[in-house]
Amino acid sequence: MKKLLIAAAILMVAGCGGTRIELNNGSGADIETLTVTIGENSETFHNIAVDETFTTGLPLGDSDHPVKIEWETAGETWTMEYALVENAQEASRISILFAPDQVNINYSF
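Predicted model only: the values in this text are computed from it and were never measured.

About the thresholds
Residues numbered from 1 in each chain as written. Predicted model: local features only at pLDDT ≥ 70, side-chain atom pairs only at ≥ 80, totals over all residues. Heavy atoms only, no water. Salt bridge = Lys/Arg side-chain N within 4 Å of Asp/Glu carboxyl O. Buried < 20%, exposed > 50% of the residue type's maximum accessible area, 1.4 Å probe, protein only. Helix = DSSP H or I, 4+ residues; strand = E, 2+ residues; numbered from the N terminus. Core = buried A, V, L, I, M, F, W, Y, C linked by side-chain atoms within 4.5 Å. Contact = heavy atoms within 4.5 Å. Pairing = 2+ DSSP bridges. Axes fitted to C-alpha atoms, helices over the stretch in contact; angles between N-to-C directions. pLDDT = per-residue confidence, 0-100. Patch = residues over 30% accessible without salt bridge, like charges linked within 9 Å, V, L, I, M, F, W, Y side chains within 5 Å. Areas by Shrake-Rupley, 256 points an atom, 1.4 Å probe, with all protein chains shown as cover. Lys, Arg positive; Asp, Glu negative; His and termini not counted. Charge placed at Lys NZ, Arg CZ, Asp CG, Glu CD.

Student: Looking at this model, I keep getting lost on the pattern of salt bridges. Mind explaining?
Tutor: For side chains bearing opposite charge, pairing can occur when the charged atoms are close. Under the definition given, this model contains two salt bridges. The salt bridge partner of Glu22 is Arg20, with a shortest N-O separation of 2.8 Å. Judged by its relative accessible area of 39%, Arg20 falls in the partly exposed class. In this structure, Lys68 engages Glu70 in a salt bridge whose closest nitrogen and oxygen atoms are separated by 3.9 Å. Take Lys68: its relative accessible area is 28%, and that puts it in the partly exposed class.

Student: What exactly am I supposed to notice about the environment of Asn106 here?
Tutor: Secondary-structure assignment places Asn106 in strand S8 (residues 102-108). The class for Asn106 is partly exposed, based on a relative accessible area of 44%. For the pair Asn106 and Arg93, spaced 13 residues apart in sequence, the C-alpha to C-alpha distance is 8.3 Å.

Student: How do you make sense of the nonpolar core when you look at a structure like this?
Tutor: Side chains of a nonpolar character, in soluble globular proteins, are inclined to be buried together. Ranked by internal contacts, the top residues of the largest apolar core, which has 22 residues, are Leu23, Leu34, Ile69, Ile94 and Phe98. For this core, the secondary structure elements donating two or more residues are strand S1 (20-25), strand S2 (31-38), strand S3 (41-48), strand S5 (66-73), strand S6 (76-83) and strand S7 (93-99). Broken down by element, this core gets its largest block of residues, four residues, from S2. Residues within four places of Phe98 in sequence aside, it is in contact with Leu23, Asn24, Asn25, Gly26, Ser27, Ile31, Leu34, Phe54, Ile69, Trp71, Met80 and Val103.

Student: What should I look at first to understand the sheet that holds S1 in this one?
Tutor: Think of a sheet as strands paired side by side through backbone hydrogen bonds, with each pair either parallel or antiparallel. What the four strands build is an open sheet, ordered S4-S1-S7-S8; its pairing is mixed. Here the strands that pair on one side only, and so sit at the sheet edges, are strand S4 (53-56) and S8. Within the sheet, the average angular offset between the axes of one strand and its neighbour, ignoring direction, is 20°. As paired strands, S1 and S4 are joined by four bridges and run antiparallel to one another. Within S4, the residue paired with Asn24 across the bridge is Thr53.

Student: Before we go on, may I ask you to explain the confidence of the model for the protein in this structure?
Tutor: In low-pLDDT regions, the fine details of the predicted coordinates are not to be read closely. Taken over all residues, the pLDDT of the protein has a mean of 80, while the share at 70 or more is 81%. The secondary structure element of the protein with the lowest average pLDDT is helix H1 (residues 2-15), at 35, and the one with the highest is S3, at 94. Counting interchain partners and residues more than four positions distant, the pLDDT-below-50 stretch residues 1-16 has zero contacts.

Student: Hey, could you run me through the environment of Trp71 in this one?
Tutor: Within the secondary structure, Trp71 is located in strand S5. Taking the C-alpha atoms as reference, Trp71 lies 9.3 Å from Phe45; in sequence the two are 26 residues apart. Discounting chain neighbours no more than four positions away, the residues touching Trp71 are Ser27, Ile31, Thr33, Leu34, Glu76, Thr77, Trp78, Met80, Phe98, Ala99 and Pro100.

Student: Explain a negative patch on the surface here, please?
Tutor: Together, Asp30, Glu32, Glu52 and Glu72 make up a negatively charged patch on the protein surface. Here Asp30 shows up in the loop between S1 and S2. For Asp30, a relative accessible area of 49% translates into the label partly exposed.

In structure tokens form, the structure reads like this:
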């Protein structure tokens, strides 16, 4: 019985991992500094290579906060802000390809 309860607890914790957000540098240049902000939470990354994919552990929360990506490369600063779909927190993964003139967002449910 005790082993069954421990196994159930492990499965519950693993299942509550939340949404994984993957970002891909489609800017065409290496990025010196990049900050991702969701609601009031932010995370900063450094030295992102062209086409590099990286993951942020920022929580999405229960409401539809805007997602903001700010990056600096070759002395220029770029900013993109957009809204995720209403049920984004239900996705197992969100993939975001970003560039100065476009953003491509894919959801895996």
